[in-house]
Amino acid sequence: MATSEAILQVLSGPVPQLFYSEPCSKNSNSRLSLKYRVSRRWKKGSELMQRVDFSRSSRGSCKCQHAESVSAVTAEDEHGGRSSNSWNSQKVEVSQQMNNENGSVASMEKLASTRTINNTPNRVSADSTEDEAWNLLRESLVYYCSNPIGTIAANDPTDTSILNYDQVFIRDFIPSGIAFLLKGEYDIVRNFILYTLQLQSWEKTMDCYSPGQGLMPASFKVRTVPLDGDDSAYEEVLDPDFGEAAIGRVAPVDSGLWWIILLRAYGKCSGDLSVQERVDVQTGIKMILKLCLADGFDMFPTLLVTDGSCMIDRRMGIHGHPLEIQASLLCAREMLAPEESADLMRALNNRLIALSFHIREYYWTDMSKINEIYRYKTEEYSYDAVNKFNIYPDQIPPWLGEWMPNKGGYLIGNLQPAHMDFRFFSLGNLWSIVSSLATIDQSHAILDLIEAKWADLVSDMPMKICYPALEGEEWRIITGSDPKNTPWSYHNGGSWPTLLWQLTVACIKMNRPWIAVNAVKIAERRISRDKWPEYYDSKRARFIGKQAHLYQTWSIAGYLVSKLLLANPDAAKILVNVEDSDLANAFSCMLSANPRRNRIRKGPKQSFIV
């Protein structure tokens, strides 16, 4: 027997050699711990293992001794533009296939395999790219007490400045979790949901100040800590970060909402509703919602957050009410046990109705709305003022009138008194489609805009996180001359491959999958060759990000989720929210009573704060 096989046999001996406590319990310090009492046999096998160079595929079953160091990764063509003829023919081809299959695009995988953009021979690498992506995703797995519980943010063996990219980020794990769900590998997602739940309301503080109850951590790390006075025992702990160690010390406002989205997807995909019905999980959902729905000084139904408290976690002038934070409440509403959460359900319904009205009415912009704002009167005082937020017409940026297509529109990134942020933010708009925060017409208009402005928003790598970039004096004032968020880099107009899967979900929901098919093809041209970067720089995404980490896990997982969903579009239902009739009727009542439509105040029987 080979040496490695012998050691593996030793390490995978009978269970009685390994004694452990319940991994889901909390000790007095609110830390997850697991104590191992290791026999001499195990200890001897561990010492032998250190002298053997195992490949990743032949690692021992117990990952506890490797929790601190996850294994490393082994290992410009044409622009990506396309003529209008090829674009239109692609839409026709996909539409015909959908009609042939009674409205389904279940054979999208076959369709993608028989077509290439611009007839270039890039299809040769598609299957190998997908296989490579799965290998890299599995190599990024993090284990706690021998159970997989997440994936690290990046796994580049050549990177010397890893920072916190060796941790499991809640936001970053979502596409990884969706990929595993679509593959039928449910355990890792279940473990992630339950273990991260144990980290909620952590006792750590920032300068003696504790975060609000219900806050989920931004990330966590598995640490191995030796027990005092016993060389044969150690414990594993999950060490979370609520922003107290992050760059800028920003709070992870969106972590809890992403956790809710994954919890709902797990139940829908696996059919295992017992997880979301657990008392501790229901409590966790309620704590997140109470934190989001708490009354405060703000007059708007949108969630007020500080700059940097979402995916754009650096100073970028998005403080106030960023769009992406608003788009996740329907998932929680669907999973709450109504008989035990009547008051919270009522508050959530009221917030959703008011939020839908607020976003659809005041965040929406297209050519018609720009013309309306251009003629706004200012300093209006009354209940029926048209210019409610006192927006100054001169605030319309010069680029907007030229950039906005006649057909199409989008939801602006932020709205505050006397200020509209007209930048296009991809994540918020895509999730407004997926979550039904936008109307059906608005959802189609957003996709119309993406098609019309393909060269700006998708270009050589899907897709821009925001458009346009802050430049010149505006960049210096708003970002503080941030050397990482320089124009057309990182959060400031950079291109992020992980947005590919969210674009795919939105396109499938609106029955326009050809948009996602083309975006995936563009990504396949170079993303593997470029070693799966975190982001791309320049207007056309021609350069790998100057500080981008390679082998970025959510870039890998985002590509895989897109491929899986295009092969089986029905699976997108685990992420999509359909607006129910009660919300739609209540919204219609509020819309008919809106002074913009009718100056006579005829509100619904039940009043809502807008």
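Our subject is the structure listed above.
Everything quoted here is computed from the prediction, not taken from an experiment.

J.: Any chance you could explain the overall build of the chain here in plain terms?
T.: For the chain, the helix and strand inventory stands at 22 helices and 13 strands. Per-residue burial over the chain gives 56% buried out of 610 residues. Roughly 26,500 Å² of accessible area belongs to the chain as shown, and the carbon and sulfur atoms make up 51% of that amount.

J.: Teacher, can you tell me more about the packing of aromatic side chains here?
T.: The relative placement of two aromatic rings is captured by the distance of their centres and the angle of their planes. Taken as a whole and judged by the stated rule, the model has 20 aromatic pairs. Ring geometry for Trp 403 versus Tyr 467: centroids 4.9 Å apart, planes at 20 degrees, classification stacked. Placement of the pair is Trp 403 in helix H14 (residues 398–403) and Tyr 467 in strand S11 (residues 466–467), with a sequence separation of 64 residues. Pairing Tyr 467 with Trp 488 gives two aromatic rings, centres 5.7 Å apart and planes at 50 degrees, and the pair type is tilted. Taken as a pair, Tyr 467 in strand S11 and Trp 488 in the loop between helix H18 (472–479) and helix H19 (499–509) lie far apart in primary sequence, 21 residues in all.

J.: Please clarify how the sheet that holds strand S9 (residues 410–416) should be interpreted in this entry.
T.: Whether parallel or antiparallel, the strands of a sheet pair through hydrogen bonds between backbone atoms. Ordered by their spatial adjacency, four strands build an open sheet running S8-S9-S10-S11, and the pairing between neighbours is antiparallel. The open sheet is flanked by strand S8 (364–365) and S11, the only strands paired with a single partner.

J.: Teacher, can you tell me more about the pattern of salt bridges here?
T.: A side chain with one charge can pair with a side chain of the opposite charge if their charged atoms come near. Under the defined criterion, the tally for this structure stands at 18 salt bridges. Between Asp 254 and Arg 171 there is a salt bridge whose closest N-O contact spans 2.9 Å. Remark: Arg 171 occurs in helix H6 (residues 170–182) and Asp 254 occurs in the loop between strand S7 (233–241) and helix H8 (255–270); sequence separation between them is 83 residues. Here the two residues Asp 254 and Arg 171 agree in accessibility, since each one is buried.

J.: Please explain the packing of H19 against helix H20 (residues 514–524) as it appears in this structure.
T.: For any two helices packed against each other, one specifies the crossing angle of their axes together with the interaxial distance. Close contact between H19 and H20 brings their axes to 8 Å; oriented N to C, the two are set at 160 degrees. Here H19 lies roughly antiparallel to H20, going by the angle between them. Crossing handedness for the pair H19 and H20: left-handed. Between H19 and H20, the contacting residues are Leu 500, Leu 503, Thr 504 and Cys 507 on the first element and Ile 515, Ala 516, Ala 519, Val 520 and Ala 523 on the second. Its residues placed into classes, the contact of H19 with H20 shows eight nonpolar, one polar and no charged.

J.: Just to check I follow, could you spell out the environment of Met 316 for this structure?
T.: As for its placement among the helices and strands, Met 316 is situated in the loop between helix H10 (279–293) and helix H11 (329–335). Under the relative-accessibility criterion, Met 316 is labelled buried at 0%. Through-space distance from the C-alpha of Met 316 to that of Asn 485 is 8.2 Å; in sequence the pair is 169 residues apart.

J.: Got a minute to help me understand unusual backbone geometry in this structure?
T.: Leaving glycine out, the prevailing phi sign among residues is negative, and the prevailing peptide bond configuration is trans. The omega torsion across Pro 462 and Met 463 is -20 degrees, close enough to zero to call that bond cis. By the element assignment, Met 463 lies in the loop between helix H17 (454–457) and S11. For the peptide bond that leads from Tyr 467 to Pro 468, omega is -5 degrees, which places it in the cis range. With respect to the helices, strands and loops of the structure, Pro 468 is situated in the loop between S11 and H18. Positive phi values are uncommon outside glycine, yet Ser 538 reaches one of about 85 degrees. Within the secondary structure, Ser 538 sits in the loop between strand S12 (536–537) and strand S13 (543–544). The exposure class of Ser 538 is buried, given its relative accessible area of 18%.

Thresholds, definitions, all that
- Residues numbered from 1 in each chain as written.
- Predicted model: local features only at pLDDT ≥ 70, side-chain atom pairs only at ≥ 80, totals over all residues.
- Heavy atoms only, no water.
- Helix = DSSP H or I, 4+ residues; strand = E, 2+ residues; numbered from the N terminus.
- Buried < 20%, exposed > 50% of the residue type's maximum accessible area, 1.4 Å probe, protein only.
- Areas by Shrake-Rupley, 256 points an atom, 1.4 Å probe, with all protein chains shown as cover.
- Phe/Tyr/Trp six-rings, centres within 6.5 Å; stacked < 30°, edge-to-face > 60°.
- Pairing = 2+ DSSP bridges.
- Salt bridge = Lys/Arg side-chain N within 4 Å of Asp/Glu carboxyl O.
- Axes fitted to C-alpha atoms, helices over the stretch in contact; angles between N-to-C directions.
- Parallel < 35°, antiparallel > 145°, perpendicular 65-115°, else oblique.
- Left-handed = near helix turned anticlockwise from the far one by under 90°.
- Contact = heavy atoms within 4.5 Å.
- Nonpolar A, V, L, I, M, F, W, Y, C, P; charged D, E, K, R; others polar.

Interpretation in functional terms is not warranted from these geometric data alone.
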